[in-house]
Number of protein chains: 2
Amino acid sequence: MYTDDKGKVPGGEADAAASETERAADLIFAALVDRIIAGELRPGDALNETALAESFAVSRTPVREALQRLGVTGLAQRGPRRAFMVSQPDRASLDDLFEAMGEVEALCAEYAARRMSAAERAGLAEIVAEGAERVAATDEAGYIAVNARFHRALFDGAHNATLRDLALGLRIRTSPYRDAQFRRTERLASSQAEHQRILTAVRAENPAAAGAAVREHIAATALNIARMIAAARG
Amino acid sequence: MYTDDKGKVPGGEADAAASETERAADLIFAALVDRIIAGELRPGDALNETALAESFAVSRTPVREALQRLGVTGLAQRGPRRAFMVSQPDRASLDDLFEAMGEVEALCAEYAARRMSAAERAGLAEIVAEGAERVAATDEAGYIAVNARFHRALFDGAHNATLRDLALGLRIRTSPYRDAQFRRTERLASSQAEHQRILTAVRAENPAAAGAAVREHIAATALNIARMIAAARG
DNA sequence: TTATGGCGATATGTATACAGATGACAAGGG
DNA sequence: CCCTTGTCATCTGTATACATATCGCCATAA
């Protein structure tokens, strides 16, 4: 489950005068996002309207709505018959995506280093501590969850809703590739060490250091994933 | 007309295996975006599905699709009956929006300073020269168009599709507020001077200077708009 | 006069039916 | 044997009909 406590994802538009009854389209959108993040739906997989409608026991209408949102969000792209499929960026696009994510996350970290309250900094430290436990226990699934919370805390710490939404959106788009690395490679410990470095910079209220640490963290992630993909192909 | 040559806006998802026949939903989306940018639809204006369907002589279905996209893009938000209306961010949200736009545009400028080809730099210089002409002629409408091309060129110059789309999306969201300032305030000359500064930095392949110049440019814009809104209220 | 509760109108959400386009496949010719 | 072309199945795009919730208004009572 990546969708946060309220089940909200940037793709689901602002909830100003929201109602309590959940629309089918919202549920389907959230469900599809979760499936993509969980890896049940993989890049390139077809998103057939009729099939999805059947599986969710609804008509095509709310399914189409959910797919539209996935498309605008960047999680889905159009294939042959203008049909949607889970986005499968080529190498260049994937590089762009990770580069952009690194920069936007770095921005968040810089602002977080300036703006986080004492309580927020303490909370971030707490999350890093939990990460250390998960690494010690070699608990990949647990670490993935802690990792998500860590980055989320950085985004919130920037105290800028627009930046946060941008960062969350990019993070979701990279998730099909990100989470797998923790299971397939020896990246737990190094990732945790990088988190520690970021935390230190944020605590020191040093924006430049925080931004640099995040950039390196994402670069390391991107490199690791590139290797993983290359290995899978070779 | 803000929508670029191909009538594409980030909200319209990637056009991998696109077809030539334009769908009604696409046309309506583009039309609504244009109306918002042109100021015909202003923040807070209701976007009634039935009324729009009638005015476009189509059913509600494609209208709903277009509205969904506007919502995810951030150009529309939900009002009372879950009905869409043109986004009307409060002061804090608007500050966030401009802050984020400044940062993302600055990122683009930094990358552009590093990556633009000689031809691209020459093209940027050409645009700035055209801007000088429009300022000399006190041609607000003409300058608005040149201004859009200038920023667009910076985004393209970053050579990163994801960053470009993020920047374009943010730029569209701010357009209801941006364009008005050229007509209502004495901002033509100062804006042009700032463009010149950015160009100089990009030509010198100086990312830091380019980023700083853009940040100041957007900050000046945001300040001007804040004053304008305050004046309109007071 | 004000607050409250129900009722009705209206707009959105969903289902279904129809139309159009596209990709696949097979048959025929070079 | 390969390429071309036409037909067909299937999936998306749009229209229309129906269900449902929300908001405003009016009546009624405190």
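Owing to the predicted nature of the structure, the values given are computational and were not obtained by experimental measurement.

> How should I be thinking about the protein's contact with DNA strand D in this particular structure?
The local shell around DNA strand D holds 19 residues, among which Arg64 and Arg81 of chain A together with Ala24, Ser59 and Arg81 of chain B are the closest. Per the 4 Å cut-off to the protein, sugar and phosphate atoms form 63% of the nearby atoms of DNA strand D. For DNA strand D, a sugar or linking oxygen lies 3.4 Å from a polar atom in the side chain of Asn48 of chain A. Separating a phosphate oxygen of DNA strand D from a side-chain N or O atom of Arg64 of chain A is a distance of 2.6 Å. Among the elements of the structure, helix H3 (60-73) of chain A together with helix H1 (24-38) and helix H3 (60-73) of chain B are those that each provide at least two residues to the surface near DNA strand D. Looking at the surface near DNA strand D residue by residue, the class counts come to five nonpolar, five polar and nine charged.

> Which parts of the structure should I look at to understand the packing of aromatic side chains?
Both the distance between ring centres and the angle between the ring planes are used here to describe each pair of aromatic rings. What the rule picks out here adds up to two aromatic pairs over all chains. Measuring from ring centre to ring centre gives 5.3 Å for Tyr143 of chain A and Phe182 of chain A, while their planes differ by 75°; the resulting arrangement is edge-to-face. Of this pair, Tyr143 of chain A sits in helix H6 (residues 140-157) while Phe182 of chain A sits in helix H7 (residues 161-184); the two residues are 39 residues apart in sequence, bridging distant segments of the chain. Just as Tyr143 of chain A is buried, Phe182 of chain A falls in that class too. Note that Arg114 of chain A overlies the ring of Tyr111 of chain A, its terminal NZ or CZ placed 5.2 Å from the centroid. Sitting above the plane of the Phe29 of chain B ring, Arg69 of chain B keeps its charged end 5.3 Å from the centroid.

> Would you explain the protein's contact with DNA strand C in this entry?
Taken together, 20 residues are adjacent to DNA strand C, and Ala24, Ser59 and Arg81 of chain A together with Arg64 and Arg81 of chain B come closest. Protein-adjacent atoms of DNA strand C, using a 4 Å cutoff, are sugar or phosphate at a proportion of 60%. A distance of 3.0 Å separates a base nitrogen of DNA strand C from a polar side-chain atom of Arg60 of chain B. Note that a phosphate oxygen of DNA strand C is positioned 2.8 Å from one of the side-chain N or O atoms of Arg82 of chain B. In terms of residue count, the dominant contributor to the surface near DNA strand C is H3 of chain A (three residues). Its residues assigned to classes, the surface near DNA strand C comprises six nonpolar, four polar and ten charged.

> Before we go on, may I ask you to explain the interface of chain B and chain A in this structure?
Residue-level contacts link 37 residues of chain B with 37 residues of chain A. Counting the surface lost from both chain B and chain A, the interface buries some 3100 Å², and carbon and sulfur atoms represent 52% of this. Our count for the contact surface shared by chain B and chain A stands at six salt bridges. For the salt bridge of Glu65 of chain A with Arg64 of chain B, the shortest nitrogen-to-oxygen distance reads 3.3 Å. There are 14 residue pairs in polar contact (both at pLDDT 80 or more) connecting chain B and chain A. Mapped onto the side of chain B that touches chain A, the elements with two or more residues apiece are H3, helix H4 (91-115) and helix H7 (161-184) of chain B. The element contributing the most residues to the side of chain B that touches chain A is H4 of chain B, with nine residues. Residues of the side of chain B that touches chain A, tallied by class, amount to 15 nonpolar, nine polar and 13 charged.

> Explanation requested: the layout of surface pockets in the structure shown.
To find leftover empty space, one rolls a probe the size of a water molecule over the atoms. Residues and elements named next belong to chain B. Here the second largest pocket defines a volume of roughly 740 Å³. Taken together, 30 residues make up the lining of the second largest pocket; nearest its centre are Pro43, Pro176, Tyr177, Met228 and Ile229. If you list the elements that add at least two residues to the lining of the second largest pocket, you get H1, H4, H7 and helix H9 (207-233). Top element by residues in the lining of the second largest pocket is H9. It accounts for nine residues. Residues of the lining of the second largest pocket, tallied by class, amount to 19 nonpolar, three polar and eight charged. Here the lining of the second largest pocket spans two domains, since at least three of its residues come from each of domain 1 (24-86) and domain 2 (91-233).

> Explain the sheet that holds strand E3 (residues 84-86) of chain B to me, please; I cannot follow it from the model alone.
The strands making up a sheet associate through hydrogen bonds between their backbones, and the pairing can be parallel or antiparallel. Residues and elements named next belong to chain B. With respect to topology, three strands assemble into an open sheet ordered E1-E3-E2, the strand pairing being antiparallel. Every other strand in the sheet has two partners, leaving strand E1 (46-47) and strand E2 (76-78) as the edge strands with one partner each. With three bridges connecting them, E2 and E3 associate as antiparallel partners. Looking across to E3, one finds that Ala76 is bridged to Val86. Packed on one face of the sheet, H3 meets E1, E2 and E3 and runs near 55° to E3.

> What should I look at first to understand the domain arrangement of chain A in this one?
The parts lose accessible area when they come together, and the size of an interface is often stated as this lost area. All names here are of chain A. Annotation of chain A at the domain level lists domain 1 (24-86) and domain 2 (91-233). Using C-alpha coordinates to define each centre, domain 1 is positioned 27 Å away from domain 2. In this assembly, seven residues from domain 1 lie in contact with six residues from domain 2. Together domain 1 and domain 2 conceal approximately 550 Å² of surface at their shared face, both sides included; 68% is due to carbon and sulfur atoms.

> Sorry if this is basic, but what is going on with the relation of the copies chain B and chain A here?
Once chain B has been moved 0.0 Å along the axis and rotated by 180°, it coincides with chain A to within an RMSD of 0.1 Å. The superposition operator between the copies reduces to a two-fold rotation axis. Looking at chain B, 100% of its interface residues are interface residues in chain A too, so the copies touch through the same face.

> I would appreciate a short explanation of the pattern of salt bridges in the present structure.
A side chain with one charge may pair with a side chain of the opposite charge, provided their charged atoms come close. In this structure the tally under the stated criterion is 39 salt bridges over all chains. The partner of Arg171 of chain A in a salt bridge is Glu105 of chain A, with the nearest N and O atoms 3.1 Å apart. On the criterion of sequence distance, the pair formed by Arg171 of chain A in helix H7 and Glu105 of chain A in helix H4 (residues 91-115) is long-range, its members being 66 residues apart. With respect to class, Arg171 of chain A is no different from Glu105 of chain A; both count as buried. Salt bridges sharing partners connect three or more residues here, namely Asp26, Glu65 and Arg69 of chain A together with Glu49, Arg60, Arg64 and Arg82 of chain B.

Cut-offs applied
Residues numbered from 1 in each chain as written. Chains lettered and ligands numbered in written order. Predicted model: local features only at pLDDT ≥ 70, side-chain atom pairs only at ≥ 80, totals over all residues. Heavy atoms only, no water. Near = heavy atom within 4 Å. Polar contact = N/O pair within 3.5 Å; in protein donor to acceptor, adjacent residues only side chain to side chain. Helix = DSSP H or I, 4+ residues; strand = E, 2+ residues; numbered from the N terminus. Nonpolar A, V, L, I, M, F, W, Y, C, P; charged D, E, K, R; others polar. Phe/Tyr/Trp six-rings, centres within 6.5 Å; stacked < 30°, edge-to-face > 60°. Buried < 20%, exposed > 50% of the residue type's maximum accessible area, 1.4 Å probe, protein only. Lys NZ or Arg CZ within 6 Å of the ring centre and 35° of its normal. Contact = heavy atoms within 4.5 Å. Buried area = accessible area lost by both parts, 1.4 Å probe. Salt bridge = Lys/Arg side-chain N within 4 Å of Asp/Glu carboxyl O. 1 Å grid on protein atoms, 1.4 Å probe; cavity = no way out; pocket = protein on both sides within 12 Å on 5 of 7 lines; lining within 4 Å. Points joined across faces, edges and corners; volume = space filled by probe spheres on them. Domains from an automatic or database assignment. Pairing = 2+ DSSP bridges. Axes fitted to C-alpha atoms, helices over the stretch in contact; angles between N-to-C directions. Least-squares fit on C-alpha atoms with pLDDT ≥ 70 in both.

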